[in-house]
Amino acid sequence: MSEAYQVVSFVENQNIKIEVLEYQNLGGNDNFSVAEKLYFAQKSNIKLRQVRVTLKNSSLTAESGALQFMKGNITLKSLGGTGAKGFLKGLASSVLANESMIKPQYQGSGIIYLEPSFKHFMIVELNNEEIIADKGLFYCCESSVSVSVQAMKNVSSAIAGGEGLFQTKVSGSGFCLFEIPVPEEELVEFELQNEMVQVDGNFTLFRLGNIDFTVEKSTKSIFGSVASGEGLLQTFRGTGKVIIAPTLPVYEKLSHVLNITPSSK
């Protein structure tokens, strides 16, 4: 049986291998409506992708519900905390970071296939560092990496900037994978050395290093800000990296114009 996909990216070490598979064509079924949608999806170069993880006597932490099937000597453990205190802590974290309360951990040796998605995936390797991700982007990681909630330092700025009060913090050493709304090649990465970058909109996906986030007026005067038409700007200062998706607002506008609901997992 020939494989219907190709590996478009992967990372590997002695403990784990993470691959992103991309299905080249979907043959469809006997439903003409589905076949029509698949035809236009293929003509628009919209591809179905899937994450495959090979464990080598190691462990993986993933979003709840991400598993599709697995093979091998793999056991499942929940990371939601024990007792009432652990349950409430997990519940608070899930609501605040827009992610699932129970994050399953897969331990052992074997192969895991996660749910297919029409979204895109980005693999990041952390080396005793942390990455702050926009809400809902975390997908899976080596269990040597910790997943938690990062509170915004400035409450008023967080609300005004549209990011909310909390984001997802992934820290430690190891591979982690994020589900992103645009192709990775459309991301723009700024490396700051005690510098500043300002963004007019809510399309900053990640920041790494010692970066402070605030929301500021585009000019010193509120009247000048209104006159300029810019208003408030997301402002990132410090030393580290800021990763933005400048094409994301275009897709969102097109989706709104065409009255299309963004696809889910």
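Residues numbered from 1 in each chain as written. Predicted model: local features only at pLDDT ≥ 70, side-chain atom pairs only at ≥ 80, totals over all residues. Heavy atoms only, no water.

Peer 1: Honestly, the nonpolar core in this entry has me stumped. Any pointers?
Peer 2: One broad rule of soluble globular proteins: the nonpolar side chains tend to lie buried together. Counting residues in hydrophobic clusters, the biggest one holds 31 residues, and the most contacted among them are L126, V170, F178, L187 and F206. Elements with a contribution of two residues or more to this core: strand 6 (120–133), strand 7 (138–142), strand 9 (166–180), strand 10 (188–199), strand 11 (204–217) and strand 12 (232–244). A total of six residues in this core trace back to one element, the largest contributor, which is strand 11. Counting residues in each nonpolar core, the second largest holds 20 residues, with I18, V20, A62 and I74 among its members. (Core = buried A, V, L, I, M, F, W, Y, C linked by side-chain atoms within 4.5 Å. Buried < 20%, exposed > 50% of the residue type's maximum accessible area, 1.4 Å probe, protein only. Helix = DSSP H or I, 4+ residues; strand = E, 2+ residues; numbered from the N terminus.)

Peer 1: Would you take a moment to explain the pairing of strand 1 (residues 5–12) for this structure?
Peer 2: Where a strand is regular, its side chains alternate between the two sheet faces. Two elements, strand 1 and strand 2 (residues 16–23), share seven bridges in a ladder whose sense is antiparallel. For Y5, the partnering residue across the bridge sits in strand 2 and is Y23. What sits between the antiparallel neighbours strand 1 and strand 2 is a turn of three residues. (Pairing = 2+ DSSP bridges.)

Peer 1: Explain the pattern of salt bridges to me, please; I cannot follow it from the model alone.
Peer 2: Pairing is possible between side chains that carry opposite charge, provided their charged atoms lie close to one another. Enumeration according to the criterion identifies seven salt bridges in this entry. Here R52 ties to E19 by a salt bridge, and the two come within 2.8 Å at their closest N and O atoms. Here R52 is found in strand 3 (residues 48–62), whereas its partner E19 is found in strand 2, with 33 residues between them in sequence. Here R237 and E216 are joined by a salt bridge, their closest N and O atoms 2.5 Å apart. In this pair, R237 sits in strand 12 while E216 sits in strand 11, placing the two residues 21 residues apart along the sequence. Judged by its relative accessible area of 36%, R237 is partly exposed. (Salt bridge = Lys/Arg side-chain N within 4 Å of Asp/Glu carboxyl O.)

Peer 1: Looking at this model, I keep getting lost on the packing of aromatic side chains. Mind explaining?
Peer 2: Within a pair of aromatic rings, the relevant descriptors are the distance that separates the centres and the angle that separates the planes. The full count for this structure, using the stated rule, is six aromatic pairs. Ring centres of F121 and Y139 lie 5.1 Å apart, and the angle between their planes is 55°; this geometry places the pair in the tilted category. Taken together, the residues F121 in strand 6 and Y139 in strand 7 connect sequence positions 18 residues apart. The two residues F121 and Y139 agree in class, both being buried. Its guanidinium or amino end placed over the ring of F10, K17 lies 5.5 Å from that ring's centre, counting from NZ or CZ. (Phe/Tyr/Trp six-rings, centres within 6.5 Å; stacked < 30°, edge-to-face > 60°. Lys NZ or Arg CZ within 6 Å of the ring centre and 35° of its normal.)

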